[in-house]
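What follows is each chain in one-letter form.
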Amino acid sequence: MIFLTALPLFWIMISASRGGHWGAWMPLSISAFEGTCVSIPCRFDFPDELRPAVVHGVWYFNSPYPKNYPPVVFKSRTQVVHESFQGRSRLLGDLGLRNCTLLLSNLSPELGGKYYFRGDLGGYNQYTFSEHSVLDIINTPNIVVPPEVVAGTEVEMSLLHFTPTREANGHRLGCQASFPNTTLQFEGYASLDVKYPPVIVDMNSSVEAIEGSHVSLLCGADSNPPPLLTWMRDGTVLREAVAESLFLELDDVTPGEDGVYACLAENAYGQDNRTVGLSVMYAPWKPTVNGTMVAVEGETVSILCSTQSNPDPILTIFKEKQILATVIYESELQLELPAVTPEDDGEYWCVAENQYGQRATAFNLSVEFAPIILLESHCAAARDTVQCLCVVKANPEPSVAFELPSRNVTVNETEREFVYSERSGLLLTSILTLRGQAQAPPRVICTSRNLYGTKSLELPFQGAHRLMWAKIGPVGAVVAFAILIATVCYVTQTRRKKNVTESPSFSAGDNPPVLFSSNFRASGVQEKYESERRLGSERRLLGIRGEPPELDLSYSHSDLGKRPTKDSYTLTEELAEYAEIRVK
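Predicted model only: the values in this text are computed from it and were never measured.

Rules used throughout
Once a new chain begins, its residue numbering starts again from 1 and follows that chain's sequence as written. Residue-level local features of this predicted model are given only where pLDDT is at least 70; pairs of side-chain atoms are given and counted only at 80 or more, and the full residue set underlies all totals for whole chains, interfaces and linings. Each side-chain value is worked out from all heavy atoms of the structure, with water and hydrogens disregarded. A pair of strands is treated as paired once DSSP finds two or more bridges between them. Secondary structure follows DSSP: runs of H or I at least 4 residues long count as helices, runs of E at least 2 residues long count as strands, and numbering of each begins at the N terminus. A fitted line through C-alpha atoms serves as each axis, taken over the contacting stretch for helices, and the angle formed by two N-to-C directions is quoted from 0 to 180°. Only Phe, Tyr and Trp rings are paired, with Trp represented by its six-membered ring, and only when their centres lie within 6.5 Å; those with planes under 30 degrees apart are stacked, over 60 edge-to-face, the remainder tilted. The rule is simple: take the accessible area with a 1.4 Å probe, protein chains only, and divide by the maximum for that residue type; under 20% is buried, over 50% is exposed, in between is partly exposed. Two limits define a charge over a ring: the Lys NZ or Arg CZ must be within 6 Å of the ring centre, and within 35 degrees of the ring normal. Whenever a nitrogen or oxygen atom comes within 3.5 Å of another N or O atom, the pair is scored as a polar contact, on the condition that within protein one atom can donate a hydrogen and the other can accept it, and that pairs from neighbouring residues in sequence are kept only if both atoms are in side chains. Should any heavy atoms of two residues lie within 4.5 Å, those residues are considered in contact. Count a disulfide wherever a pair of cysteine sulfur atoms falls within 2.5 Å. Put simply, a nonpolar core is a bunch of buried Ala, Val, Leu, Ile, Met, Phe, Trp, Tyr and Cys residues held in one set by side-chain atoms that sit within 4.5 Å of each other.

So, on to the sheet that holds strand S26 (residues 301-306). Spatially, S24-S26-S29 is the arrangement adopted by the three strands of the open sheet, whose pairing is antiparallel. Looking at the sheet topology across the chains shown, the edges are occupied by strand S24 (288-291) and strand S29 (332-337). Going across the sheet, the axis of each strand differs from the next one's by a mean of 20°, ignoring polarity. The pairing of S26 with S29 spans six bridges and is antiparallel. The residue bridging Val-301 from the neighbouring strand is Leu-337, located in S29.

As structure tokens, then:
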């Protein structure tokens, strides 16, 4: 608390100059403590041509017009005053010298009001001046505070000089007035209104929020007068208001709202600003894959997988459940495949994951290479039909042709009557069907080619030594066994009868009865037969008499040689030496 000791009265003396017209000068207002006295300084004037012998005067209370019968405070002619002013009023000035100063003592609240002076020069020369003074009876000192008190700036108040701070705002300033040799003492107080610039005192620290949640950012500032608070991001005003605190509400936050937010507080005396970082946590975005997706065998392939998430994800590239590359807490992953091979062809996955979710992207790497004829390619005979299977692995898709060198014939996959083809991934399976092949099967060469090369393979006949028993079946086996017994018996009897002449019933020119005979032709006859066949169409040449049989192609490798067959050709080839049974 600060106290001031000062004189109770502050008079403003207005000196009057002789101007030759009616006029008065006195303070507009005066304050005085209750129980004390006060002097109302007063000067008046009148025209010079009036030369009164005696000058009188009257002080009225609250009204300047005598006809209203206002209370008389002082009257020089009769000394008759209103009872409220008896013994309390006295003229200090000399009216002859145009000084009308009034003294009032033993002040009480009812004496507070307006005081008017009326000049009386005798006769009709009387004049009530409109100028008046207002007396305020107070019990406490009136502390006059400057209209503006700014923190850090020196302030002068009567006898007090000080430099206020922002902490002094709202505090009370006290003043005490006392009179020597009396018990009169008065105290008064005034609140300080200290102006100062804003200081941000309340704000969020860094904020983490999950995507889709609600976020509330607070900014509070201390200033006088209250500041204009503004929330901004990247120079864009999001919200502003004149207030001590301001919230910024963000509903369903997205990764796009991640960033730095600034709060600006300002008033006429300065400004302050602070920032807060908002980190929006979210699952990885669907990865994007950039790089070469088509490569030639032997080339180096570089594939970049990237995504965005918060926090950074674990990135993994794998193929067929085998991890090829991985990084932790990074947004990019580079996969290098030096000297790619056909085995590198296929589907790959790039997977990004963090604690908020997982996303994956599939991509295909196509490795182009020359054809490879797989070892499961072969031919097999079934009855009077020969089927040849050629399985080729290549990229891009190759062409396949079957060549029969002994017959000077080439059949490609476009001839659907003879060849059936199906593509599955990198594998191309082609099946050549030859019918009416009772004679020895021809050599078959499979040739495959694409823009990277050509590959040929003579297709082997699979399981030929097993075909005989499969074809003759159980009955044929019994017959063959009987023939074997008969032959043994015949040889035995022949040895016993070395000297016995063969029965005439068996002549050399007879055809012995046989159990089975192949469609055998002599060499010359066969050449003639082949020549005749070449003159016909390929369809007739290959013995095709109908559509290719229905084939189960749900698999890529077929072992046609395992089917039960009763091919006359196979049986003939296996029984090149046959037995004769002669009748005695």
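Our next topic: the packing of aromatic side chains. Overall, the coordinates contain 17 aromatic pairs when judged by the stated rule. Measuring from ring centre to ring centre gives 5.4 Å for Trp-59 and Phe-117, while their planes differ by 55°; the resulting arrangement is tilted. Pair noted here: Trp-59 is in strand S5 (residues 56-61) and Phe-117 is in strand S9 (residues 113-120), with a separation of 58 residues, a long-range link. Exposure remark for Phe-117: the relative accessible area of 0% places this residue in the buried category. Three or more aromatic residues link up through ring pairs in this structure, and these residues are Trp-22, Phe-44, Phe-46, Trp-59, Phe-117, Tyr-127 and Phe-129. Above the plane of the ring of Tyr-189 lies Arg-172, whose end atom (NZ or CZ) is 4.4 Å from the centre. Here the guanidinium or amino end of Lys-319 rests over the ring plane of Tyr-348, the centre of that ring lying 5.7 Å away.

By secondary structure assignment, the location of Arg-88 is in the loop between strand S6 (72-75) and strand S7 (89-91). Looking at Arg-88, its side chain comes within polar contact range of the side chain of Ser-108, at 2.9 Å. What Arg-88 contacts, discounting residues up to four positions off in sequence, is Leu-103, Leu-104, Ser-105, Asn-106, Ser-108, Glu-110 and Leu-111.

Turning our eyes to something else, we now look at the state of the cysteines. According to the stated counting rule, one finds five disulfides in the structure shown. Across the disulfide, Cys-42 is cross-linked to Cys-100 (sulfur-sulfur distance 1.7 Å). The chirality of the disulfide connecting Cys-42 with Cys-100 is left-handed, given an S-S dihedral of about -70°. Note that Cys-42 is positioned in the loop between strand S3 (38-40) and strand S4 (43-45) and Cys-100 in the loop between S7 and strand S8 (102-104), a separation of 58 residues in sequence. We note that Cys-42, like Cys-100, is buried. Each sulfur in the disulfide pair Cys-305 and Cys-350 lies 1.7 Å from the other. Judged by the sign of its S-S torsion, about -80°, the cystine formed by Cys-305 and Cys-350 is left-handed. Residue Cys-305 is located in strand S26, and its partner Cys-350 is located in strand S30 (residues 346-354); the two are separated by 45 residues in the primary sequence. Across this residue pair, the class does not change: Cys-305 and Cys-350 are buried. Sequential numbering of the bridged cysteines in the protein gives the disulfide pattern 1-2, 3-4, 5-6, 7-8, 9-10.

Here we come to the nonpolar core. Of all hydrophobic cores here, the largest spans 28 residues; its most connected members are Phe-44, Trp-59, Leu-104, Tyr-115, Phe-117 and Leu-135. Going through the elements one at a time, strand S2 (29-33), S3, S5, S6, S8, S9 and strand S10 (126-138) are the ones with two or more residues in this core. It is S10 that provides the largest number of residues to this core, a total of three residues. Once residues lying within four places of it in the same chain are set aside, the contact partners of Leu-135 are Ile-30, Ala-32, Val-38, Leu-104, Leu-107, Leu-111, Gly-112, Gly-113 and Tyr-115.

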